[in-house]
Amino acid sequence: MPTIIDVAKRANVSKSTVSRVLAGEGNVSKESRDAVMKAVEELNFVKNSVASSMRTRKSKTVLLIIPDITNNFWSEVSRGAQIVLDKKGYSLMVANSDWQKDREERYLQLAMEHKVDAVMVNAPDMDMEKVSKMVDTPIVVLGERSQKLPFPIVGTDSYKAIRKALDYVWSKGHKRIGIVLSASFDSEGTKNSTKYRAYCDWMKEKNIDINEKWVINIPLSIEGGKKLFSIWRDMDEKPSVILTGNDLVAVGFTKSARDDDVVVPDDVSLVGFDDIPLVGLMSPGITTLQKPKSEIGAIAAERILEMIDGKTVPERTLLDSLLIERESVKGEKL
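Residues numbered from 1 in each chain as written. Predicted model: local features only at pLDDT ≥ 70, side-chain atom pairs only at ≥ 80, totals over all residues. Heavy atoms only, no water.

1. As for empty space enclosed by the protein
Working step 1: Under the defined criterion, the tally for this structure stands at two cavities of 30 Å³ or more.
Working step 2: Every residue along the wall of the second largest cavity is listed here: T156, S158, A161, K195, F273 and K291.
Working step 3: Taken together, the residues that form the lining of the second largest cavity break down as two nonpolar, two polar and two charged. (1 Å grid on protein atoms, 1.4 Å probe; cavity = no way out; pocket = protein on both sides within 12 Å on 5 of 7 lines; lining within 4 Å. Points joined across faces, edges and corners; volume = space filled by probe spheres on them. Nonpolar A, V, L, I, M, F, W, Y, C, P; charged D, E, K, R; others polar.)

2. So, the pairing of strand β2 (residues 91–96)
Working step 1: Relative to β2, strand β1 (residues 61–66) runs parallel, the two sharing six bridges. Across the sheet, the residue bridging to I65 is A95, located in β2.
Working step 2: In this view, the connection linking β1 to its parallel neighbour β2 by way of helix α5 (residues 72–87) has right-handed handedness. (Pairing = 2+ DSSP bridges. Helix = DSSP H or I, 4+ residues; strand = E, 2+ residues; numbered from the N terminus. Right-handed = clockwise from strand over helix to strand, strands pointing away.)

3. Focus: the packing of aromatic side chains
Working step 1: By the definition in use, this model includes five aromatic pairs.
Working step 2: With a centroid separation of 5.7 Å and an interplanar angle of 80 degrees, the aromatic rings of W170 and W202 are classed as edge-to-face. Taken together, the residues span a long stretch of sequence, with W170 in helix α8 (residues 158–171) and W202 in helix α9 (residues 194–205) at a distance of 32 residues.
Working step 3: Counting every residue linked through ring pairs, the aromatic cluster contains F229, W232 and F253. (Phe/Tyr/Trp six-rings, centres within 6.5 Å; stacked < 30°, edge-to-face > 60°.)

4. Some words on helix α11 (residues 247–259)
Working step 1: Between its first and last C-alpha, α11 extends 19 Å over 13 residues, near the 18 Å set by a 1.5 Å rise per residue.
Working step 2: By the burial criterion, the buried members of α11 are D247, L248, V249, A250, V251, G252, F253, T254, S256 and A257.
Working step 3: In this structure, the buried side of α11 is in contact with β7 (215–218), α10 (222–233), β8 (241–243), β9 (269–274), α12 (277–281) and β10 (287–290).
Working step 4: Where α11 begins, one side-chain oxygen reaches toward the backbone nitrogen of L248, 3.2 Å away; that side chain belongs to N246. (Expected span 1.5 Å × (residues − 1). Buried < 20%, exposed > 50% of the residue type's maximum accessible area, 1.4 Å probe, protein only. Contact = heavy atoms within 4.5 Å. Polar contact = N/O pair within 3.5 Å; in protein donor to acceptor, adjacent residues only side chain to side chain.)

5. Comments concerning the sheet that holds strand β5 (residues 153–156)
Working step 1: Pairing is parallel in the open sheet, where six strands are placed in the order β2-β1-β3-β4-β5-β11. Each of the sheet's edge strands pairs with one partner strand only, and the pair in question is β2 and β11 (316–319). Looking at each pair of strands side by side, their axes are set apart by 15 degrees on average, direction ignored.
Working step 2: The strands touched by helix α13 (residues 293–308) are β1, β3 (118–121), β4 (139–142), β5 and β11; relative to β4, the strand with the most contacts, the crossing angle is about 165 degrees. (Axes fitted to C-alpha atoms, helices over the stretch in contact; angles between N-to-C directions.)

6. Details of the pattern of salt bridges
Working step 1: Evaluation of the coordinates by the stated rule reveals 17 salt bridges.
Working step 2: Notably, a salt bridge pairs K30 with D34, separated by 2.8 Å at the nearest N-O pair. Residue K30 and its partner D34 are both found in helix α3 (residues 30–43); the two are separated by four residues, about one turn of the helix.
Working step 3: By relative accessible area, K30 is classed as exposed at 63%.
Working step 4: Linking K291 and D274 is a salt bridge whose minimum nitrogen-to-oxygen distance equals 3.3 Å. Taken as a pair, K291 in the loop between β10 and α13 and D274 in strand β9 lie far apart in primary sequence, 17 residues in all.
Working step 5: Judged by its relative accessible area of 17%, K291 is buried. (Salt bridge = Lys/Arg side-chain N within 4 Å of Asp/Glu carboxyl O.)

7. Some points on the nonpolar core
Working step 1: Core analysis: the biggest nonpolar cluster contains 32 residues, and V62, L85, M120, V140 and L142 have the highest contact counts within it.
Working step 2: Where this core is concerned, the elements lending two or more residues are β1, α5, β3, β4, α11 and α13.
Working step 3: The biggest single contributor to this core is α13, with eight residues.
Working step 4: Not counting the four nearest positions on each side in its chain, L85 is found in contact with V62, Y90, L92, M120, A301 and L305.
Working step 5: In terms of nonpolar packing, the next biggest core, distinct from the first, is built from 23 residues, A165, L166, Y168 and I179 among them. (Core = buried A, V, L, I, M, F, W, Y, C linked by side-chain atoms within 4.5 Å.)

Now the structure itself:
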């Protein structure tokens, strides 16, 4: 099905010009208007009536696309965004993708049809360059990407967070360090991810050879943590500490370890990421990197409102994490 982008290319005009013509607005030259209408006819383009109406009547709704609604991290991000949007009379619609690319694309269709005024999204598999050519509503990406994107980014400084975790376990005497990366291969490729780059840079600075068997790709979930334990248990040479990717993985690992009479941290140490409430209630409590979850949501919402008002916003807003020390890391002999 042809899009407004196709019409603009065929007519050799901008997307905004096509939008004004389709909405019946003035301030468009006769030459451009004729070119657009000819392109519409040649491409058999069907104007979406909802999109047309939304050009003059806003929905006052912002869509938040998240990968895992069961992760408390995202509920706090959502809460932070909702508080900001609520003050301006906007509603927040939350869509859970479960890391499924087809769902992400289906939810994004709401923006293409102008059923929402803007989108905040964490979708590692999504090709943002492609999205920028399909969607003309404001979009903010949640979570750091190492490559330059056509949309502003709000998230945690993952590079600094990984180095902070590595410096901590090093201070505890650990040199056999494993790291978990998401099994979801994003558009950058896992080996090009910010976390992996930080890990490699740090290991090189410490003159430690990287054991690729200790770089583990699993789903960032409780089930992924159970899988991580099976992988670790079956290793001939084991890391003494694992940076688990997120807290849910640490929870799943700890549960499986307990069932198999493996003791955290006596047999293996763990460092989580996010600081969801559950990890502070566990025994042992999980040492983790606390991300400013509500603040991420709030700042992303502020960026969205600024973009809706036509203002220019920063390309990248990366916030610091805080190391929360609990009982899941045991000191190694130096």
